[in-house]
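The lines below spell out each chain.
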Amino acid sequence: MLAGKTLSEIAGLIEGTVTGNQGTLIFGVTNIEDAGPQDITFAVAPHLQKAEKSAAAAVIIPRGASFSRAKPAIAVDNPRAAFARVLELFTPAPLIERGVHPAAVIAGSAQIGANAAIMPLAVIDEEAEIGDGAVVYPHVYIGRGCRIGKDCLIYANVSVYAGCQIGDRVIIHSGAVIGGDGFGYVDIGREHRKVPQVGNVVLGDDVEIGCNACIDCGTTGSTLIGKGTKIDNLVHVGHNDVIGENCLLIAHVGISGSVRVGSNVTFAGQSATVGHIKIGDNCVFGGRAGIISDVPDNSVYAGFPAQPHKDWLRQEALQRKLPEFFRRLRELETQVKELGRKK
Amino acid sequence: MLAGKTLSEIAGLIEGTVTGNQGTLIFGVTNIEDAGPQDITFAVAPHLQKAEKSAAAAVIIPRGASFSRAKPAIAVDNPRAAFARVLELFTPAPLIERGVHPAAVIAGSAQIGANAAIMPLAVIDEEAEIGDGAVVYPHVYIGRGCRIGKDCLIYANVSVYAGCQIGDRVIIHSGAVIGGDGFGYVDIGREHRKVPQVGNVVLGDDVEIGCNACIDCGTTGSTLIGKGTKIDNLVHVGHNDVIGENCLLIAHVGISGSVRVGSNVTFAGQSATVGHIKIGDNCVFGGRAGIISDVPDNSVYAGFPAQPHKDWLRQEALQRKLPEFFRRLRELETQVKELGRKK
Amino acid sequence: MLAGKTLSEIAGLIEGTVTGNQGTLIFGVTNIEDAGPQDITFAVAPHLQKAEKSAAAAVIIPRGASFSRAKPAIAVDNPRAAFARVLELFTPAPLIERGVHPAAVIAGSAQIGANAAIMPLAVIDEEAEIGDGAVVYPHVYIGRGCRIGKDCLIYANVSVYAGCQIGDRVIIHSGAVIGGDGFGYVDIGREHRKVPQVGNVVLGDDVEIGCNACIDCGTTGSTLIGKGTKIDNLVHVGHNDVIGENCLLIAHVGISGSVRVGSNVTFAGQSATVGHIKIGDNCVFGGRAGIISDVPDNSVYAGFPAQPHKDWLRQEALQRKLPEFFRRLRELETQVKELGRKK
């Protein structure tokens, strides 16, 4: 059990201003619904009233928000960031035994870094290197010659194909596959003959890969995911894609092969691209956007084929008016016929 | 090999009425195409004629159906339910050796229920509890402190993160991941800083989770799947979602975070929602519906953005008429111009 | 390290014509960007100029292409096929130790073919047969009674349910699940009661299954994937589907249950079908096509509901003109009103 912290200690940590009893003791942090009288929670509009009435001991709120003085609070610039910080404070480090479990299978030429944890039934193949402090869960397979960086976290049942290079502090969630073959064939008559896929995947530092996501290897050369990019569950990234830094790829996104994506790009859920296109920096693609050609920097696109978001909104609104539109067209036809007859 | 059953024995089991030889011996049950002279099959319109001509020994048909008296049959109220019942009758229980296989890895503080089967190379972590009669296949990882209910069936290569709670008679298919981190970050400049995901997943009794489906844990608190809900392959359920009872989520569905879904709701394949919305009871969403706002009880929606199904059908039909529509518009323009000139 | 080959040796292999020094020594093959002075690459328009300026020792080009004589080249009929052939030439066979690793778990009645490789922590269940020369990676589970053909390649963390039949030279990528239960229930009131799924999956020779793809078993009978069909990552194939030969199913495709698909059919990414339909031979479905009824041979379809591709293109183009269309309609209304007043 972690010790309690006073409201004033917590406020110091998140650069906030306390309203109410500075000495209120906090023992945990959770969402509004689950918060009890020893917990702190956070709220922004329109949830402030709900937080006022909650059982929470205190609430993290935005500076300047209208909030009952009866409920202790800490006002901060960014409540969500402050909440994340307090979550870290109250989250006990997971209990992970360091070292190589005797039921792990480590090839003779593999190297395991200091303070790493290799759990039972993980398999580390020949010439693979596991960085200092990395944690490898059960049933993970790290292929021949892979390099896993420092302090990585590789959850159960992850597969990393031979030769992949993973940066530092990378998190790979269960079931993800790094370095599977690209979907490349040459057609000889009706036969789809496999093109050998001999490249690898390179993940930058601080990348996170969601559950059951798939990042294919380059046909030759590398598929690259830039530093700080976060990839959600069940996403597909094709062979030879180059994804920039600090991108977000949300669940079920599919990026076809040989696509270049800039930095700070967001793909909302189920959006997808054709292959061999170039997408600029700072773009945002709406849910289920279908991107079929190059996209310049700073674009906000939606729809399929993807187009500027405001055009898409307008078009969607007009589509809903099609019944009215057809009615008005019919009326006009009647009127014009009438006018013609009167001549 | 199971013993044969007479047609009259089977009819008793499914509350049906036999036509033809009551004593016909049946040894198996399968679909029309594969049924041989010792098998029973089932048929509803428009497949009744095909069943009449099949090699099957007998056919389960709807009461009142027109069906050849030359082919033995059992007429029932619900042929599909009757077929399922007969399938159970003829399906031998899988041969599963009970007990803990010596090549499984069971942590010292884990508890394994009576009559459970823990197959080779399953890993049960510290303080986890496996219910009586549960079956855990090879390469399954059950994280620290998880509780798996009675008579669960956890197929190969499933991963369950620490702290998840699984009800009784739950089936989890291969590759599914229960309790992976929610996709939650706070932006500090361009960096997406991870929000700790410290909640869990709670699956109600009789839930079924398809192959490679992903159910994320709550950021804090729980992601909840209600009793009797069935989730198909490759579905994504986000952090803190609350899904009601007896829902159906079909392949490739994606539910964003913090969504509340009522009971008896069906999401057809590839449908998806934005986060933080509330969906009522008894709703049906068509294939690839894109749900972007709250939905009242008993709604039948389709399209993206999702709208009442009949509106969507009408709109789709009108879209197909756009070429005709443009043509009529052009004609009107010509006629009006003509009328104007005549003045 | 593989030995070098002269340009003329390589040209002989790919039936090409050399320009430049026949004796140029080549030690590797890769894409234009990564190619160094000992590598050969390939280029087609519009990448020929980039290849001329690259560091590559030589370039495989299409016959008749305009290309600098300063850069050694081999002109061929099909540069992509030639590149694949040269890739095979320079790709060293993976170093795979044959035999059964002592840390694999092989049931007493399982049979392992000559020259097969069963890696550590693979589990082969009772009565399963592994063909000659097959390679089974760590953490693979092969269920009871499965048959795996000759020279198959089953990557890490694959699950194959009991009774599935896999042809020769089949490749199954990490995380794929073969034979999971179909999504079949009968509704008894609000309860979705499971229909036993007792069939299997049959994969023809030379099939390839992508990472985390899911092929469900037949409810009764088999789900069939024809010879030479290639399935990409995260694809879902439902129970009792029959997919023909040499089809391509690209990432995130979803085929509902009981669908019959002909041969040489391509489903582009995220396309999907309803259940119980029949799709002819030689069809092509565009990205995200939604197929809701039978489709004749040789169809090229797109959109949802799927329609002939050229109709879809026209309709898409007209949708973008809706704002103009509404404007023209309003103008007409004004003019007609004006004409009416003049009477």
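Values in this document were obtained by computation on a predicted structure and should not be read as measured data.

## Quick word on the overall build of chain A
Thought 1: Helix and strand counts for chain A come out as 5 helices and 40 strands.
Thought 2: For chain A, the C-alpha radius of gyration of 27 Å lies well beyond 20 Å, the compact-globule estimate for 343 residues.
Thought 3: In terms of its C-alpha atoms, chain A occupies a principal-axis envelope of roughly 95 × 75 × 30 Å.
Thought 4: Per-residue burial for chain A yields a buried fraction of 59% across its 343 residues.
Thought 5: In chain A, of all internal contacts separated by at least 6 residues, the share reaching a separation of at least 24 is 17%.
Thought 6: For chain A, the centre of its 32 positive side-chain charges and the centre of its 35 negative side-chain charges are spaced 12 Å apart.

## Details of the sheet that holds strand S33 (residues 260–261) of chain C
All names here are of chain C.
Thought 1: Reading across the sheet, the 9 strands line up as S10-S13-S16-S19-S24-S27-S30-S33-S36 and stay open at both edges, with parallel pairing between neighbours. Here the strands that pair on one side only, and so sit at the sheet edges, are strand S10 (111–112) and strand S36 (278–279).
Thought 2: Looking at chain direction, strand S13 (residues 129–130) and strand S16 (residues 147–148) are connected through 2 bridges and run parallel. Paired with Ile-130 across the bridge in S16 is Ile-148.

## Quick word on the interface of chain B and chain A
Thought 1: Taken together, the 68 residues of chain B in the interface contact 63 residues of chain A.
Thought 2: Together, the buried faces of chain B and chain A total about 5,300 Å²; carbon and sulfur atoms form 64% of this surface.
Thought 3: Looking only at chain B, the three residues that lose the most surface to chain A are Phe-183, His-192 and Phe-325 of chain B, adding up to 13% of its buried area.
Thought 4: For the pair chain B and chain A, the number of links is 2 salt bridges.
Thought 5: A salt bridge links Lys-194 of chain B to Glu-208 of chain A; its shortest N-O distance comes to 2.7 Å.
Thought 6: Every element with two or more residues in the side of chain B that touches chain A is listed here: strand S21 (177–180), strand S22 (185–188), strand S23 (191–194), strand S26 (214–216), helix H4 (309–320) and helix H5 (322–342) of chain B.
Thought 7: When residues in the side of chain B that touches chain A are grouped by element, the largest group, 9 residues, is from H5 of chain B.
Thought 8: Of the residues assigned to the side of chain B that touches chain A, the class counts are 33 nonpolar, 22 polar and 13 charged.

## What about the relation of the copies chain B and chain C?
Thought 1: For these two chains of identical sequence, chain B goes onto chain C by a turn of 120° and a shift of 0.0 Å along the axis, with RMSD 0.0 Å. Interpreted geometrically, this transformation is the action of a three-fold axis.

## Considering the nonpolar core
Side chains of nonpolar character tend, in soluble globular proteins, to be buried together.
Thought 1: Counting residues in each nonpolar core, the largest one holds 54 residues, and the members touching the most others are Ile-172, Ile-178, Ile-209, Leu-249, Phe-267, Ile-279 and Phe-285 of chain C.
Thought 2: Sequence-distant contacts of Leu-249 of chain C, defined by excluding residues within four places in its chain, comprise Phe-183 of chain A together with Thr-229, Lys-230, Ile-231, Asp-232, Val-235, Val-237, Ile-243, Ile-255 and Phe-267 of chain C.

## Considerations on the state of the cysteines
Thought 1: This structure, assessed with the given rule, holds 0 disulfides over all chains.
Thought 2: Here Cys-211 of chain B stays free of any disulfide, with the sulfur of Cys-214 of chain C as its closest cysteine sulfur at 4.9 Å.
Thought 3: Of the cysteine sulfurs around Cys-217 of chain B, a residue in no disulfide, the closest is that of Cys-164 of chain B, at 7.1 Å.
Thought 4: Look at Cys-217 of chain B and you get buried, because its relative accessible area is 2%.

## Describing helix H4 (residues 309–320) of chain C
Thought 1: For H4 of chain C, built from 12 residues, the straight-helix expectation of 16 Å at 1.5 Å per residue is met to within 8% by its first-to-last C-alpha distance of 17 Å.
Thought 2: Listing the buried residues of H4 of chain C in full gives Trp-312, Gln-315, Glu-316, Leu-318 and Gln-319 of chain C. For H4 of chain C, the buried positions fall inside an angular range of 165° around the axis, keeping them on one side.
Thought 3: Packed against the buried residues of H4 of chain C are helix H4 (309–320) of chain A, H4 and H5 of chain B together with strand S39 (300–302), strand S40 (307–308) and helix H5 (322–342) of chain C.

## What to know about the pairing of strand S7 (residues 73–76) of chain C
All names here are of chain C.
Thought 1: Of the two faces of S7, the one lined by Ala-73 and Ala-75 and the one lined by Ile-74 and Val-76 are each fully buried.
Thought 2: Inspection of the sheet shows strand S2 (residues 17–19) paired to S7 by 3 bridges, in the antiparallel sense. Across the sheet, residue Val-18 finds its bridge partner in S7, namely Ile-74.
Thought 3: The sheet contact formed by strand S6 (residues 58–62) and S7 spans 4 bridges and is parallel.

## Notes on the packing of H5 of chain B against H4 of chain C
Thought 1: Relative orientation of the contacting elements H5 of chain B and H4 of chain C amounts to 50°, with a least axis distance of 9 Å. Relative to H4 of chain C, the element H5 of chain B lies oblique. Counting all contacts with H5 of chain B, which are made through Leu-322, Pro-323 and Phe-326 of chain B, the residues of H4 of chain C involved are Arg-314, Gln-315, Leu-318 and Gln-319 of chain C.
Thought 2: The class makeup of the residues in the contact of H5 of chain B with H4 of chain C is 4 nonpolar, 2 polar and 1 charged.

## Points about unusual backbone geometry
Thought 1: Phe-304 of chain A connects to Pro-305 of chain A through a cis peptide bond whose omega is -5°.
Thought 2: Summarising the element assignment, Pro-305 of chain A is placed in the loop between strand S39 (300–302) and strand S40 (307–308).
Thought 3: Phi is positive for Asn-212 of chain B, close to 60°, though the residue is something other than glycine.
Thought 4: In this fold, Asn-212 of chain B is placed in the loop between strand S25 (208–209) and S26.
Thought 5: Judged by relative accessible area, Asn-212 of chain B falls into the buried class, the value being 0%.

## A closer look at the interface of chain B and chain C
Thought 1: Taken together, the contact pairs 63 residues of chain B with 67 residues of chain C.
Thought 2: Taking both partners together, chain B and chain C bury about 5,200 Å²; carbon and sulfur atoms supply 64% of that area.
Thought 3: Scanning the region where chain B abuts chain C turns up 2 salt bridges.
Thought 4: Residue Glu-333 of chain B is joined to Arg-328 of chain C by a salt bridge in which the shortest nitrogen-to-oxygen separation is 2.8 Å.
Thought 5: Viewed at the interface, chain C and chain B are joined by 31 residue pairs in polar contact (both at pLDDT 80 or more).
Thought 6: Elements that contribute at least two residues to the side of chain B that touches chain C include exactly helix H3 (79–90), strand S28 (230–231), strand S31 (248–249), H4 and H5 of chain B.
Thought 7: For the side of chain B that touches chain C, the element with the most residues is H5 of chain B, which contributes 11 residues.
Thought 8: Its residues placed into classes, the side of chain B that touches chain C shows 31 nonpolar, 20 polar and 12 charged.

## As for helix H3 (residues 79–90) of chain C
Thought 1: Here H3 of chain C spans 16 Å end to end across 12 residues, near enough to the 16 Å set by a 1.5 Å rise per residue.
Thought 2: What H3 of chain C keeps buried is the set Pro-79, Ala-81, Ala-82, Phe-83, Ala-84, Val-86, Leu-87 and Phe-90 of chain C.

## Some thoughts on the pairing of strand S23 (residues 191–194) of chain C
Thought 1: As judged from the 4 bridges shared by strand S22 (residues 185–188) of chain C and S23 of chain C, these two strands associate in the antiparallel manner. Bridge pairing in S23 of chain C links Ile-188 of chain C to Glu-191 of chain C.

## What about the packing of aromatic side chains?
Thought 1: The tally for this structure, following the rule as stated, stands at 30 aromatic pairs over all chains.
Thought 2: An angle of 25° between the planes, with centres 4.6 Å apart, marks the rings of Phe-42 of chain B and Phe-83 of chain B as stacked. Residue Phe-42 of chain B is found in strand S5 (residues 39–42), and its partner Phe-83 of chain B is found in helix H3; the two are separated by 41 residues along the sequence.
Thought 3: Relative to Tyr-185 of chain C, the ring of Phe-183 of chain C has its centre 5.1 Å away and its plane inclined at 85°; by these criteria the two rings are edge-to-face.
Thought 4: In textbook terms, an aromatic cluster arises when at least three aromatic residues are bridged by ring pairs, as seen for Phe-325 and Phe-326 of chain A, Phe-325 and Phe-326 of chain B together with Phe-325 and Phe-326 of chain C.
Thought 5: Positioned above the aromatic ring of Phe-304 of chain B is the side chain of Arg-288 of chain A, whose terminal nitrogen or guanidinium carbon lies 5.3 Å from the ring centre.

## Some remarks on the environment of Ala-104 of chain A
All names here are of chain A.
Thought 1: Within the secondary structure layout, Ala-104 lies in the loop between strand S8 (99–100) and strand S9 (105–106).
Thought 2: A C-alpha to C-alpha distance of 78 Å links Ala-104 and Leu-332, two positions 228 residues apart in sequence.
Thought 3: The residues touching Ala-104, leaving out its near neighbours within four places in the chain, are Ile-118, Met-119, Pro-120, Leu-121 and Ala-122.

## Digging into empty space enclosed by the protein
Where empty space is left becomes clear once a probe the size of a water molecule has been rolled over the atoms.
Thought 1: Considering all chains together, one arrives at 6 cavities of 30 Å³ or more under this definition.
Thought 2: What the largest cavity holds in volume is close to 570 Å³.
Thought 3: Contributing to the lining of the largest cavity are 29 residues, with Phe-304 of chain A, Phe-304 and Glu-316 of chain B together with Phe-304 and Glu-316 of chain C lying nearest its centre.
Thought 4: Of all the secondary structure elements, the ones that give two or more residues to the lining of the largest cavity are H4 of chain A, H4 of chain B together with H4 of chain C.

Calculation criteria
Residues numbered from 1 in each chain as written. Chains lettered and ligands numbered in written order. Predicted model: local features only at pLDDT ≥ 70, side-chain atom pairs only at ≥ 80, totals over all residues. Heavy atoms only, no water. Helix = DSSP H or I, 4+ residues; strand = E, 2+ residues; numbered from the N terminus. Rg over C-alpha atoms; globule rule 2.2 N^0.38 Å. Buried < 20%, exposed > 50% of the residue type's maximum accessible area, 1.4 Å probe, protein only. Contact = heavy atoms within 4.5 Å. Lys, Arg positive; Asp, Glu negative; His and termini not counted. Charge placed at Lys NZ, Arg CZ, Asp CG, Glu CD. Pairing = 2+ DSSP bridges. Buried area = accessible area lost by both parts, 1.4 Å probe. Salt bridge = Lys/Arg side-chain N within 4 Å of Asp/Glu carboxyl O. Nonpolar A, V, L, I, M, F, W, Y, C, P; charged D, E, K, R; others polar. Least-squares fit on C-alpha atoms with pLDDT ≥ 70 in both. Core = buried A, V, L, I, M, F, W, Y, C linked by side-chain atoms within 4.5 Å. Disulfide = S-S within 2.5 Å. Expected span 1.5 Å × (residues − 1). Arc of directions from axis to C-beta. Axes fitted to C-alpha atoms, helices over the stretch in contact; angles between N-to-C directions. Parallel < 35°, antiparallel > 145°, perpendicular 65-115°, else oblique. Polar contact = N/O pair within 3.5 Å; in protein donor to acceptor, adjacent residues only side chain to side chain. Phe/Tyr/Trp six-rings, centres within 6.5 Å; stacked < 30°, edge-to-face > 60°. Lys NZ or Arg CZ within 6 Å of the ring centre and 35° of its normal. 1 Å grid on protein atoms, 1.4 Å probe; cavity = no way out; pocket = protein on both sides within 12 Å on 5 of 7 lines; lining within 4 Å. Points joined across faces, edges and corners; volume = space filled by probe spheres on them.

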